[in-house]
Amino acid sequence: MGTVNGVSAPPFLTLPTTVRRAHVVTPRGEFAVLEAGSAGPTVLLVPGWTGSKEDFLALLAPLAAAGYHAVSLDQRGQYETPGSTLESDYSLTDLAGDLLSVATETTPASVHLVGHSFGGLVTRTAAIADPDAVTSLTLLDSGPAAQPVERHDLLRAMANAIPAIGLEATWQAKRAYERSQGAPEPPLEIELFMQQRFLANHPTSLQAMTLHLTTARDQVDELKATGVPVMVSFGAADDGWPVAEQRRMAARLDAPVRVIEGAGHSPAAEQPARTLAVLEQFWAEVERDRRRIGA
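Here goes a summary of the coordinates provided. What you are looking at is a predicted structure, and each value in this text was computed from that prediction instead of being measured.

Quick look at the nonpolar core
At step 1: Core analysis: the biggest nonpolar cluster contains 54 residues, and L44, W49, L73, F118, L137 and L253 have the highest contact counts within it.
At step 2: It is helix 2 (residues 92-106) that contributes the most residues to this core, seven residues altogether.
At step 3: Excluding its chain neighbours within four sequence positions, the residues that come into contact with L73 are F31, A32, V33, L44, L45, V46, P47, S52, K53, Q78, L99 and V102.
At step 4: Formed by 25 residues, the second largest nonpolar core is a distinct cluster that contains A61, A263, V278 and V286.

Right under this line is the structure:
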């Protein structure tokens, strides 16, 4: 498993023995995380729209085995992290502040940020807000701004449905639409988890994140100005932001592009070994550059 109509689905649900559930308490609130390893550079993995920390399950133990302290989290109002009814709590700036707060509590040093899909919009905002806190940024199947305009009507319809008919009915309508478009059926265990996760989201959080996908502005120039090393990576068959658009973003950032073969929109779930190899190569390059300039 990896993607169901553009939405990440974990390939399995049983935690490896080296992966633990935890809660990170910060001045901005408490965040549910999955964590593996305790030494080495810290990697903070940030899920996308309707996703969760479980989207990175297949990466966590291998990252720890490779010498990293790996942390994936549920963002504010996602799955097992509490949310609030205040729309202002879900601005990209506030969500980025959450990430920086979690990073501060999990390591005294800067972190490698990995933002998947919508998580890329949040992680880039964090890098712009506090470049010194970020060793590197990987934009994984993410784009420079809002999703393509032809998807906005569907996204706005879902955002409007959440308060109008509730999460359960919205989920059923969403799945009915996906099936009408020929989306593959996941195993029952994964389908039930995805439903449980969707219904556990705070409605205000899910609505805000959905609308961000129609309104997020282009911050590529601001990100480049930070000097934070950035990599743009995506599955060869990514169906999120157009691949050509992601390549143009990389060119504007002077960032390397790494294509993950055999993957669509969720390489961490679909091709974890190849995703790990791409990440490790990038981080090794970043470390070599840091040593060369004496950072």
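Okay, back to it.
Some points on the pairing of strand 6 (residues 69-73)
At step 1: Within strand 6, five of the five residues are buried, which leaves it mostly tucked inside the rest of the structure.
At step 2: Residues of strand 6 alternate between two faces, with H69, V71 and L73 on one and A70 and S72 on the opposite face, all of them buried.
At step 3: For strand 5 (residues 42-46) and strand 6, the ladder comprises four bridges, and the chain directions are parallel. Across the sheet, L45 pairs through a bridge with S72, a residue of strand 6.
At step 4: Since strand 5 and strand 6 lie parallel, the crossover through helix 1 (residues 57-65) that links them has a hand, and here it is right-handed.

Some thoughts on the side chain of D238
At step 1: By the element assignment, D238 lies in the loop between strand 9 (230-235) and helix 8 (243-253).
At step 2: In this structure, D238 is buried with no salt-bridge partner, the nearest side chain bearing the opposite charge being R151 at 7.2 Å.
At step 3: A distance of 2.9 Å separates a polar atom in the side chain of D238 from the backbone nitrogen of G240.
At step 4: Among the polar contacts made by the side chain of D238, one reaches the side chain of Q246 at a distance of 2.7 Å.

Thoughts on the sheet that holds strand 8 (residues 134-140)
One key point about sheets: their strands pair by backbone hydrogen bonds, in either a parallel or an antiparallel sense.
At step 1: Ordered by their spatial adjacency, eight strands build an open sheet running 3-4-6-5-7-8-9-10, and the pairing between neighbours is mixed. The two strands at the open ends of the sheet, each matched to only one other strand, are strand 3 (19-26) and strand 10 (257-260). This sheet shows a mean twist of 25 degrees between the axes of neighbouring strands, independent of strand direction.
At step 2: Pairing of strand 3 with strand 4 (residues 29-36), which is carried by eight bridges, proceeds in the antiparallel orientation. Across the sheet, A22 pairs through a bridge with V33, a residue of strand 4.
At step 3: Those strands touched by helix 8 are strand 8, strand 9 and strand 10, and its axis lies near 170 degrees from that of strand 9.

Rules behind the numbers
- Going along each chain's sequence as written, the residues are numbered from 1 onward.
- Residues qualify for local features only when their pLDDT is at least 70, as the model is predicted, and side-chain atom pairs are given and counted only at 80 or more; totals for whole chains, interfaces and linings, by contrast, use all residues.
- Excluding hydrogens and water, the side-chain figures rest on all heavy atoms present in the structure.
- For our purposes a nonpolar core is just a set of buried Ala, Val, Leu, Ile, Met, Phe, Trp, Tyr and Cys residues, chained together by side-chain atoms within 4.5 Å.
- Buried residues are those whose accessible area, probed at 1.4 Å on protein chains only, stays under 20% of the maximum for their type, while exposed residues exceed 50% and partly exposed ones sit between those limits.
- Each helix corresponds to a stretch of at least 4 residues labelled H or I by DSSP, and each strand to a stretch of at least 2 residues labelled E; elements are numbered beginning at the N terminus.
- Two residues form a contact once any of their heavy atoms are found within 4.5 Å.
- What makes two strands pair is DSSP finding at least two bridges between them.
- The path from the first strand over the helix to the second decides the hand: if it runs clockwise while the strands point away from the viewer, the crossover is right-handed.
- None of His or the chain ends enter the tally, which takes Lys and Arg as positive and Asp and Glu as negative.
- By definition, a salt bridge exists where a carboxyl oxygen of Asp or Glu is found within 4 Å of a side-chain nitrogen of Lys or Arg.
- For this analysis, a polar contact is any N or O atom pair within 3.5 Å, provided that within protein one partner can donate a hydrogen and the other can accept it, and provided that sequence-adjacent residues contribute only side-chain to side-chain pairs.
- Angles here are taken between N-to-C directions and fall from 0 to 180 degrees, while the axes themselves are lines fitted to C-alpha atoms, restricted in helices to the stretch in contact.

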